[in-house]
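Commentary on secondary and tertiary structure
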Amino acid sequence: AAGVIQSPRHLIKEKRETATLKCYPIPRHDTVYWYQQGPGQDPQFLISFYEKMQSDKGSIPDRFSAQQFSDYHSELNMSSLELGDSALYFCASSLGPFGTGELFFGEGSRLTVL
Amino acid sequence: SQQGEEDPQALSIQEGENATMNCSYKTSINNLQWYRQNSGRGLVHLILIRSNEREKHSGRLRVTLDTSKKSSSLLITASRAADTASYFCATDAPREGTALIFGKGTTLSVSS
């Protein structure tokens, strides 16, 4: 079965650069979530979209933005990167707005900021 | 802010033993879920328990929920080396359409 696809899987950037992460949800899933997980930390919720509209917002820095496109894929844009942005970034998808069941996670994009 | 806190942070057991992990949360919830994460990999859903349920089973997994104490436990019976992973509880917030908030997780190590 198709899973959540994230790209790139690994990304190395310098401080103050920008980065874009992409997420392709499971077919027919209309809700996408972004999480950030630092080393040894729990996943921190950043932002979510339902039917291309932002549905919830967590601890996403102002330097970050995201959107969901008409084909339901989502992109997380990160600017003015800082060392502390180094983390695993997970995308998850679900069918319908949260409250109806489980989230399906991708394998993550590992961002390293030097 | 952190919704779930897990206990213990780390657990080491032998194959065949049972592993119990606990999770506490702060606000009222619609449901609570448990996820597993192998090192550096994505999270995988294990089980969901609704706020009106007290216990749920799935294979070797048993989850309990005590809404009066705002706590849940995950029991893995007859553990295997392949169960070695981090386990997270996750709760939704009361308002529909909000995202899952994860606890700090328990790192389980099962040795053969």
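The rules we used
Residues numbered from 1 in each chain as written. Chains lettered and ligands numbered in written order. Predicted model: local features only at pLDDT ≥ 70, side-chain atom pairs only at ≥ 80, totals over all residues. Heavy atoms only, no water. Helix = DSSP H or I, 4+ residues; strand = E, 2+ residues; numbered from the N terminus. Buried < 20%, exposed > 50% of the residue type's maximum accessible area, 1.4 Å probe, protein only. pLDDT = per-residue confidence, 0-100. Phe/Tyr/Trp six-rings, centres within 6.5 Å; stacked < 30°, edge-to-face > 60°.

1. Let's talk about unusual backbone geometry
Residues and elements named next belong to chain A. A cis geometry characterises the amide bond from S7 onward to P8, with omega recorded as -10°. Mapped onto the elements, P8 comes out in the loop between β1 (5-7) and β2 (10-13). Positive phi is not limited to glycine here, since E51 has a value of about 50°. Under the relative-accessibility criterion, E51 is labelled partly exposed at 32%. In this structure, K52 is a non-glycine residue whose phi angle is positive, near 70°. On the secondary structure map, K52 appears in the loop between β5 (44-50) and β6 (53-57).

2. Looking at the confidence of the model for chain B
Within chain B, residue pLDDT values average 90, and 91% of them lie at 70 or more. Taken element by element, chain B is modelled with least confidence in strand β1 (residues 4-7) of chain B, mean pLDDT 74, and with most confidence in strand β7 (residues 61-66) of chain B, mean pLDDT 98.

3. A look at the packing of aromatic side chains
Residue and element names in this part refer to chain A. What the rule picks out here adds up to 9 aromatic pairs over all chains. Centre to centre, the rings of F90 and F105 are 6.3 Å apart; their planes meet at 80°, and the pair counts as edge-to-face. Residue F90 is located in strand β9 (residues 87-94), and its partner F105 is located in strand β10 (residues 104-105); the two are separated by 15 residues in the primary sequence. The buried category is assigned to F90, whose relative accessible area is 0%.

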